[in-house]
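# Chains, contacts and geometry: an overview
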Amino acid sequence: MTFRLAHLSDPHVGPLGRPRLHQLIGKRATGYANWRRGRSRSHDMAVLEALVTDLKAQGPGHVACTGDLCNIGLPSEWETARTFMEALGPPGAVSLVPGNHDAYVRGSLEGLLAACGGYTADDSGVIARFPYLRRRGPLALVGLSSAIPTKPFVASGRLGAPQLAAAEALLRALATEPGRPCRVVMIHHPPQPGGASPGRDLKDAAAFTAMIARAGADLILHGHNHVTSLHRMAGPGGRAVPVVGAPSASARADGHGAVPARRAAYLLYDIARAGEGYAVTARRRGLDAAGAVVDLGPMALE
C-alpha cells in the first residue's frame, strides 16, 4: 500500500485589509510598508486557489502545511487563515505548523492558533502544543514550532531546548515501535545550519541537526525560503534523511517567481513500506512559465 502526502508552504493568504493606526506600531509598520511597496504583488490568491484545486485532485491521504499563513499578524488575518485552511481540508486531513509571519508580533501566534488550532491537534486532541504527534496511515507526523516574535527586519526562528528534548524522545520512541511508522518532521524554518541567511535562520539548527543524528527521521519538511530545495541530514549510523523545502504556494510566475524554483508549487510524496524502512518518492506540481499548474517532474530524494 502506498500513502500519498502533499506538502505546501508559505501561502501568505490575502487580501490584507487596511490596519488601524494603533496596529501599526513597531514591526507591523515596516511589514505593512513592505507589503504595500511590492510584497502584495508577489503573492497571488488566484494562483493559490489554482494550486489547492490541483492538489486536492491528486487525492492525497494527508496534507502538510509548513506555515506562514499570515503576513503581518493582524487579527483580521486569523479568520482569513482559517478560511484558507478549511478550503484545504478538515483538521483531521491537514496538519499545520506555524511560521515566523504567523508570530509576527507578540500575541499574533496565539491569535492564529485560536483560529486554526484544530490543525495542530495531536492524537489525544490537545491543540497548539509542540511537538505534536499525528498518526495517519503509515505516517507519524511530528509537528514543531520554530515561530517566535522578532525585531523589525529579523525573521529568525527558534525551537528551544524543551521542544528539542521532547521531539527527540518522541522520535526515539517511534523508532522502537513494532512495524515502525514513517517519521515525518514538519518545521517552518530550514533546520540545517546555513539553511537560511543570518537574521532569517533557525537559531538552534545545530542542536536540531545533532538531535536528528541521534534520534533519526524518515523525512523532514519545511518552508520559509520560498524556494524548492533538497538537503540531506545525517541520521543514526550516517543514514541520510531528506530535508525538503517547499516554495511559496502563492508566488506568481512572473517577477519574483520568474526563477523556476521560486514559482508556486507543492510536493507530493508517495510512501510505501520497503523492508524494515520506507521508500519515499517525490514529485513537484506547480506553475510553468505561462502560469499553468503542471507536473514539474520528480525530486530524487535518495
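Let me begin by describing the structure that accompanies this report. What you see is a predicted model; the values in this text were computed from it and never measured.

## A closer look at the pattern of salt bridges
A complete count under the given rule lists 15 salt bridges for this structure. Among the ionic pairs, Asp 201 bridges to Lys 203, the shortest N-O distance being 3.3 Å. Given a relative accessible area of 44%, Lys 203 falls into the partly exposed group. Via salt bridges that share partners, Arg 180, Arg 183, Asp 218 and Arg 239 belong to a single interconnected network.

## Comments concerning the sheet that holds strand E1 (residues 2-8)
Strand order in this open sheet of six strands is E3-E2-E1-E10-E11-E12, and the pairing throughout is mixed. Each edge of the open sheet is held by one strand with a lone partner, namely strand E3 (94-96) and strand E12 (293-299). Taking each pair of neighbouring strands and ignoring which way they run, the sheet shows an average axis angle of 25°. Of the pairings in the sheet, the one linking strand E2 (residues 62-65) to E3 comprises three bridges and is parallel in character. Note that in E3 the partner of Val 63 across the bridge is Val 94.

## Quick notes on the environment of Ala 292
Secondary-structure assignment places Ala 292 in the loop between strand E11 (277-287) and E12. Sequence spacing of Ala 292 and Leu 51 is 241 residues, and the spatial spacing of their C-alpha atoms is 9.4 Å.

## Regarding the nonpolar core
With 29 residues, the main nonpolar core has Leu 8, Leu 69, Phe 84, Met 85, Leu 88 and Cys 116 as its most contacted residues. Counting only elements with at least two residues in this core, the list comes to E1, helix H2 (45-57), E2, helix H3 (75-88), E3, helix H4 (108-116) and strand E10 (265-274). With residues up to four places along the chain from it excluded, the contact list for Leu 69 reads Pro 11, His 12, Val 13, Ala 81, Phe 84, Met 85, Leu 96, Asp 102, Leu 112 and Cys 116. If you look at the next biggest cluster of nonpolar residues, it comprises 27 residues, including Val 184, Leu 221, Tyr 278 and Ala 282.

## Side note on helix H6 (residues 205-215)
Those residues of H6 not exposed but buried are Ala 205, Phe 208, Met 211, Ile 212 and Ala 215. Taken end-on, H6 shows its buried residues confined to a sector of 120°, consistent with a single buried face. Of the surrounding elements, those touching the buried residues of H6 are helix H5 (161-175), strand E6 (182-186), strand E7 (219-222), strand E8 (229-234) and strand E9 (240-245). Just beyond H6, the residue with positive phi is Gly 216, at close to 85°.

## With respect to the sheet that holds strand E4 (residues 132-136)
In spatial order, the strands read E4-E5-E6-E7-E9-E8; together these six strands make up an open sheet with mixed pairing. A single partner strand is all that each edge strand has here, and the edge strands are E4 and E8. Direction aside, the axes of adjacent strands within the sheet are offset by 25° on average. In this sheet, strand E5 (residues 139-143) lies alongside E4 in antiparallel orientation, the contact comprising five bridges. Its bridge partner lying in E5, Arg 134 is registered against Leu 141. Here H6 sits on the sheet in contact with E6, E7, E8 and E9, set at roughly 60° to E8.

## So, unusual backbone geometry
For the peptide bond that leads from Phe 130 to Pro 131, omega is 0°, which places it in the cis range. Considering the arrangement of structural elements, one finds Pro 131 in the loop between H4 and E4. Here Ala 128, not a glycine, exhibits a phi torsion of approximately 60°, which is positive. Since its relative accessible area comes to 32%, Ala 128 is described here as partly exposed. Phi at His 226 is positive, roughly 60°, even though this residue is not glycine. Here His 226 lies in the loop between E7 and E8.

## A short note on the pairing of E5
Counting buried positions along E5 yields five of five residues, so the element is predominantly enclosed. On E5, burial covers both faces: Leu 139, Leu 141 and Gly 143 on one face and Ala 140 and Val 142 on the other are all buried. Between E4 and E5, which follow one another and run antiparallel, lie two residues, and Gly 137 among them has a positive phi close to 55°. When E5 meets E6, the two strands line up parallel, connected through five bridges.

## Structural notes on the state of the cysteines
In this structure the tally under the stated criterion is zero disulfides. The thiol sulfur of Cys 70 is not disulfide-bonded, and the nearest other cysteine sulfur, from Cys 116, lies at 7.5 Å. Take Cys 70: its relative accessible area is 0%, and that puts it in the buried class.

## Thoughts on H3
Spanning 14 residues, H3 covers 21 Å between terminal C-alpha atoms, matching the ideal 20 Å at 1.5 Å per step. When H3 is considered as a whole, its buried residues turn out to be Glu 77, Trp 78, Ala 81, Phe 84, Met 85 and Leu 88. Along H3, the residues classed as buried sweep out an arc of 125° about the axis, all on the same side. Contact partners of the buried residues in H3: E1, H2, E2, E3 and H4. Phi turns positive one or two residues past the end of H3, at Gly 89, with a value near 160°.

Cut-offs used in this document
Residues numbered from 1 in each chain as written. Predicted model: local features only at pLDDT ≥ 70, side-chain atom pairs only at ≥ 80, totals over all residues. Heavy atoms only, no water. Salt bridge = Lys/Arg side-chain N within 4 Å of Asp/Glu carboxyl O. Buried < 20%, exposed > 50% of the residue type's maximum accessible area, 1.4 Å probe, protein only. Pairing = 2+ DSSP bridges. Helix = DSSP H or I, 4+ residues; strand = E, 2+ residues; numbered from the N terminus. Axes fitted to C-alpha atoms, helices over the stretch in contact; angles between N-to-C directions. Core = buried A, V, L, I, M, F, W, Y, C linked by side-chain atoms within 4.5 Å. Contact = heavy atoms within 4.5 Å. Arc of directions from axis to C-beta. Disulfide = S-S within 2.5 Å. Expected span 1.5 Å × (residues − 1).

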